[in-house]
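The residues making up each chain are set out below.
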Amino acid sequence: MKKLILKFYKELIFKLKKKIDLDLKKLNLNSLNELFNHFETDKGSAVKNPYSKNKDNSDTNLIGHGYAEFYEFHFSYLKNKEIKLLEIGTWKGGSIASFHHYFSKAIIFCLDRNYKFQFKSSRINFFNCNTRNINELKKFENLLIKKKSENLDIIIDDASHIYSDILNNFKIFFKKVKSGGFYVIEDLNHYKYYSHLNDSSSDSLGIEEILKLLKNGQIFKSSTLDEEFQNYCFNNILDISIHKGIQDDSYIAFVKKK
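Definitions and limits used
Residues numbered from 1 in each chain as written. Predicted model: local features only at pLDDT ≥ 70, side-chain atom pairs only at ≥ 80, totals over all residues. Heavy atoms only, no water. Patch = residues over 30% accessible without salt bridge, like charges linked within 9 Å, V, L, I, M, F, W, Y side chains within 5 Å. Areas by Shrake-Rupley, 256 points an atom, 1.4 Å probe, with all protein chains shown as cover. Salt bridge = Lys/Arg side-chain N within 4 Å of Asp/Glu carboxyl O. Lys, Arg positive; Asp, Glu negative; His and termini not counted. Charge placed at Lys NZ, Arg CZ, Asp CG, Glu CD. Helix = DSSP H or I, 4+ residues; strand = E, 2+ residues; numbered from the N terminus. Buried < 20%, exposed > 50% of the residue type's maximum accessible area, 1.4 Å probe, protein only. Contact = heavy atoms within 4.5 Å. Polar contact = N/O pair within 3.5 Å; in protein donor to acceptor, adjacent residues only side chain to side chain. Phe/Tyr/Trp six-rings, centres within 6.5 Å; stacked < 30°, edge-to-face > 60°. Pairing = 2+ DSSP bridges. Axes fitted to C-alpha atoms, helices over the stretch in contact; angles between N-to-C directions. 1 Å grid on protein atoms, 1.4 Å probe; cavity = no way out; pocket = protein on both sides within 12 Å on 5 of 7 lines; lining within 4 Å. Points joined across faces, edges and corners; volume = space filled by probe spheres on them. Nonpolar A, V, L, I, M, F, W, Y, C, P; charged D, E, K, R; others polar.

Enquirer: Run through a positive patch on the surface, naming residues and quoting values.
Expert: On the surface, a cluster of positive charge is contributed by Lys-10, Lys-17, Lys-92 and Lys-116. Among the secondary structure elements, Lys-92 is positioned in the loop between strand S4 (84-88) and helix H4 (94-102). By relative accessible area, which is 39% here, Lys-92 ends up partly exposed.

This is how it looks when you write it as structure tokens:
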């Protein structure tokens, strides 16, 4: 009961809190990297570290994965098309704001378990959801049905980066990608660099290894991705590209559906 009351309170505060209206915001920025940097998402090449305690503007406080070039390489042809995009894990919404301006006709859905999202738009649908919660996932699926958006052109996982969450999200959401669409996994190797994200067992396959096996149509043992799902992937994956960004831990994968 306490959790329900707390969630209701947080949701009420979130609805009442003033947000930045992206429909009213005009920007003279053409590249996705410029937008990422402007809206201070670490997808860009140079943004202030949101977790830093140092409040000055020194270059030592700049971080960024440099993912924009890979996004533009795969998605530039969609820039002015009426696509549907979902991002799992939005934090304050910097990347969503960037995609809103880059994909000028996109309908955007975003999920996050927190209520930190700072933006609004007639084209943006924010939904509070913990992807480990079956009931919340069902509510989100009902929203997609209501919006006639059961299938999406692009789905991006930029959520917890926990090993098991990456696999769980892929199993849940990859089937929602349209034919010819993409499923993107950001920071897929973070669990190797940060111990609190690594809940894999000693005999677990690495995320990169799993993606390579799926690409090559090879069955493997996994407590999350069962044989049925693997066969679905073999029949529906056209290609998988893994790119290395700026930082040591900057890895991003683009899974293209047939």
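Enquirer: Before we move on, can you summarise the environment of Ser-149 with the specific residues and values?
Expert: Mapped onto the secondary structure, Ser-149 falls in the loop between helix H5 (134-146) and strand S8 (152-157). A relative accessible area of 2% means that Ser-149 is categorised as buried. A C-alpha to C-alpha distance of 34 Å links Ser-149 and His-196, two positions 47 residues apart in sequence. Excluding residues within four positions of it along the chain, Ser-149 makes contact with Lys-84, Phe-109 and Leu-144. Here the side chain of Ser-149 touches Lys-147 through a polar contact of 3.0 Å, landing on its backbone oxygen.

Enquirer: I'd like to hear about the packing of aromatic side chains, residue by residue, with values.
Expert: To describe a pair of aromatic rings, you give the distance between the ring centres and the angle between the ring planes. What the rule picks out here adds up to 22 aromatic pairs. Ring geometry for Tyr-71 versus Phe-75: centroids 5.9 Å apart, planes at 45°, classification tilted. Highlighted residues: Tyr-71 and Phe-75, both in helix H3 (residues 68-75), separated by four residues, approximately one helical turn. The same class applies to Tyr-71 and to Phe-75, which are both buried. Their ring planes at 65° and their centres at 5.1 Å tell us that Tyr-163 and Tyr-191 sit as a pair that is edge-to-face.

Enquirer: Give a description of the sheet that holds strand S5 (residues 107-112) that names residues and reports values.
Expert: Taken together, seven strands build an open sheet; the order of strands is S7-S5-S4-S8-S9-S11-S10 and the sheet is mixed. Sheet topology places strand S7 (124-128) and strand S10 (237-244) at the edges, where each strand pairs with a single neighbour. Across the sheet, the mean angle from the axis of one strand to that of its neighbour is 15°, orientation sign disregarded. Sheet topology places S10 next to strand S11 (residues 251-257); seven bridges connect them, and they run antiparallel. Residue Ile-240 lies in a different strand from S11, and its bridge partner there is Val-255. Where H4 meets the sheet, it contacts S4, S5, S7 and S8, and its direction lies at approximately 175° from that of S5. In the packing of helix H6 (residues 163-173) onto the sheet, the strands contacted are S4, S5, S8 and strand S9 (177-186), and the crossing angle to S9 comes to about 170°.

Enquirer: Help me get a handle on empty space enclosed by the protein, residues and values and all.
Expert: One water molecule sets the probe size; rolling that probe over the atoms shows where empty space is left. Overall, the coordinates contain one cavity of 30 Å³ or more when judged by the stated rule. Roughly 40 Å³ of volume is contained in the largest cavity. Lining the largest cavity we find Ile-166, Leu-167, Phe-170, Ile-185, Ile-207, Ile-210, Leu-211 and Leu-225. The set of elements that each furnish at least two residues to the lining of the largest cavity consists of H6 and helix H8 (207-216). Grouping the constituent residues of the lining of the largest cavity by class yields eight nonpolar, no polar and no charged.

Enquirer: Now, about the layout of surface pockets: what can you tell me, with residues and values included?
Expert: Reported here for the second largest pocket is a volume of approximately 1000 Å³. What lines the second largest pocket is a set of 30 residues, and nearest its centre among them are Lys-7, Glu-11, Tyr-115, Asn-128 and Glu-136. When residues in the lining of the second largest pocket are grouped by element, the largest group, 11 residues, is from helix H1 (residues 2-16). Partitioned by chemical class, the residues of the lining of the second largest pocket number 12 nonpolar, six polar and 12 charged.

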